[in-house]
Structures are given as C-alpha cells and as structure tokens.
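Fold and geometry: a report
Residues per chain are reported as follows:
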Amino acid sequence: KAAPLLRSLKKSSNLNSLLVHTGQHYDKNMSDVFFNDLNIQKPDYLLNIGSGTQSYQTGKIMEKFEVVCTQVKPDLIIVLGDINSTMACSIVAKKLHIKLAHIEAGLRSNDKNMPEEINRLITDAISDFFFITEKSAKENLIKEGHDKNKIFFVGNLMIDSLHYGLDKIKNLPNAKNSD
C-alpha cells in the first residue's frame with residue numbers, strides 16, 4: 001500500500017517525508033519481497049518489532065514510534081490500513097498532538113471479533129483526515145460523526161500497486177505482448 005504513496009510524495013518538492021517500518025510484518029515473504037518488487041525506498045526508521053501477541057506488538061510499536069516522533073517532530077503522520085501498527089502509531093500521533101491521516105479510512109466489516117475492525121474503529125475515531133477508497137467508507141464515517149469536509153476519495157493504493165506491477169511485467173525483456 002505504501003509504494004504508490006511514497007512515489008507520489010517523492011515527486012512533490014515541497015514535502016519532506018520519512019518512512020517508518022515497524023517490523024510488524026518481518027518475514028521476508030511479508031516484507032522484503034514487497035520492498036524489492038515494488039521498488040520501495042529503504043525505511044528511514046526500522047523499529048524491528050517482530051512477532052508477539054497483539055498487545056505486545058502494539059505496546060512495543062508505541063514505545064519505539066514515540067521515540068521517532070519526538071526526534072523528528074512531524075507535522076502529519078499518515079497511517080495505512082488496519083493492522084496493529086496502524087492503530088499503535090495513530091495513538092502515539094494523537095497523544096503527541098500530531099495531525100493524523102488514515103488511508104483506507106471508513107472501511108467496516110461490522111465484526112468486532114476481528115482485530116482489524118477494532119484497529120479501524122480506533123484509528124478512525126482519532127484521525128484528523130480520512131482518505132477513502134469507496135463510497136461506503138464515506139457513509140460509515142459520516143454516520144460515525146466525522147466532518148464530511150475532512151473525507152477525501154483518493155482511490156485504492158492496492159490497485160495502483162497492481163498497475164505498477166503489471167507495467168513492470170509488461171516491460172520485462174522476455175514479456176510477450178498479449179494484446
């Protein structure tokens with residue numbers, strides 16, 4: 001999800017962005033492969049959280065991310081999706097009075113037995129800006145009392161990554177044109 005956003009941020013000369021990788025997904029198949037295949041920049045900060053219970057991961061992410069935030073003093077923190085890192089970094093942002101933007105905001109399964117649903121609800125409850133991928137997300141956020149002027153339809157970063165990957169495959173030396 002981060003790859004197309006990072007490419008876009010890099011193109012803007014008036015923005016200084018940093019990438020923090022919490023290490024929640026630390027396995028080569030859940031991390032390194034994406035950095036390589038999608039040409040994602042090396043993280044500016046790698047927190048190396050690793051495995052553990054949800055509470056352990058969340059607590060460790062919060063501890064280490066707070067150190068980064070107090071050193072860097074960002075104006076805005078952008079979080080993506082619905083994993084433990086998303087919620088943990090969101091809580092740190094708000095406790096440090098840093099503006100928070102959530103990409104993939106407003107998505108709901110309405111199943112509070114899912115850890116991801118809890119992460120979504122908490123993150124959206126404290127976000128300042130909501131970047132949505134579909135119409136139902138806007139409806140959910142408005143129903144939850146969020147300001148419609150802070151909700152922005154931006155499309156889906158996963159689709160952007162898919163197009164990037166397909167273009168990369170098409171441009172391989174041995175790729176055959178299937179048109």
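See the structure printed just above.
Here the structure is a predicted model, which is why all the values come from computation and not from measurement.

Let us now look at the overall build of the protein chain. Along the backbone of the protein chain there are seven helices and six strands. Taken from N to C terminus, the helices and strands of the protein chain fall in the order α-β-α-β-α-β-α-β-α-β-α-β-α. A buried classification covers 36% of the 179 residues belonging to the protein chain. Counting contacts in the protein chain only where the partners sit at least 6 residues apart, residues at least 24 apart contribute 58% of the total. Accessible surface, the protein chain as shown: approximately 11,200 Å² in total, 54% of it carbon and sulfur.

This next bit is on the sheet that holds strand β5 (residues 129-132). Strands pair in a sheet through their backbones, by hydrogen bonds, and they do so in one of two ways: parallel or antiparallel. Taken in spatial order, the four strands line up as β3-β4-β5-β6 in an open sheet, and their pairing is parallel. Only two strands of the sheet have a single partner each, and these edge strands are β3 (76-80) and β6 (151-153). Neighbour-to-neighbour, the strand axes of this sheet turn through a mean angle of 20 degrees, independent of strand direction. Note that β5 and β6 share three bridges and pair parallel. The partner of Ile132 across the bridge, within β6, is Phe153. The strands touched by helix α5 (residues 115-126) within the sheet are β3, β4 (99-103) and β5, with β4 carrying the most contacts at an inclination of about 140 degrees.

The next thing to look at is the packing of helix α4 (residues 84-95) against α5. Two measures define how a pair of helices packs: the angle their axes make with one another and the distance between the axes. Contact geometry for α4 and α5: axes closest at 9 Å, N-to-C directions at 25 degrees. Relative to α5, the element α4 lies roughly parallel. When you trace α4 past α5, the crossing you get is left-handed. Along the contact surface, α4 presents Asn84, Thr86, Met87, Ser90, Ile91 and Lys94, while α5 presents Asn119, Ile122, Thr123 and Ile126. Among the residues making up the contact of α4 with α5, the classes are represented as four nonpolar, five polar and one charged.

Attention now goes to the environment of Glu66. Along the chain, Glu66 falls in helix α3 (residues 54-72). Among residues more than four places away in sequence, those in contact with Glu66 are Ile61, Val92 and Leu96.

Summed over all chains, the structure comprises six salt bridges. Here Lys94 and Asp128 are joined by a salt bridge, their closest N and O atoms 2.7 Å apart. You can see Lys94 sitting in helix α4 and its partner Asp128 sitting in the loop between α5 and β5, a full 34 residues away along the chain. By relative accessible area, Lys94 is classed as partly exposed at 25%. Residue classification places Asp128 among the buried residues on the basis of a relative accessible area of 13%. Note that Glu117 and Arg120 form a salt bridge whose closest N and O atoms lie 2.5 Å from each other.

How each quantity is defined
Residues numbered from 1 in each chain as written. Predicted model: local features only at pLDDT ≥ 70, side-chain atom pairs only at ≥ 80, totals over all residues. Heavy atoms only, no water. Helix = DSSP H or I, 4+ residues; strand = E, 2+ residues; numbered from the N terminus. Buried < 20%, exposed > 50% of the residue type's maximum accessible area, 1.4 Å probe, protein only. Contact = heavy atoms within 4.5 Å. Areas by Shrake-Rupley, 256 points an atom, 1.4 Å probe, with all protein chains shown as cover. Pairing = 2+ DSSP bridges. Axes fitted to C-alpha atoms, helices over the stretch in contact; angles between N-to-C directions. Parallel < 35°, antiparallel > 145°, perpendicular 65-115°, else oblique. Left-handed = near helix turned anticlockwise from the far one by under 90°. Nonpolar A, V, L, I, M, F, W, Y, C, P; charged D, E, K, R; others polar. Salt bridge = Lys/Arg side-chain N within 4 Å of Asp/Glu carboxyl O.

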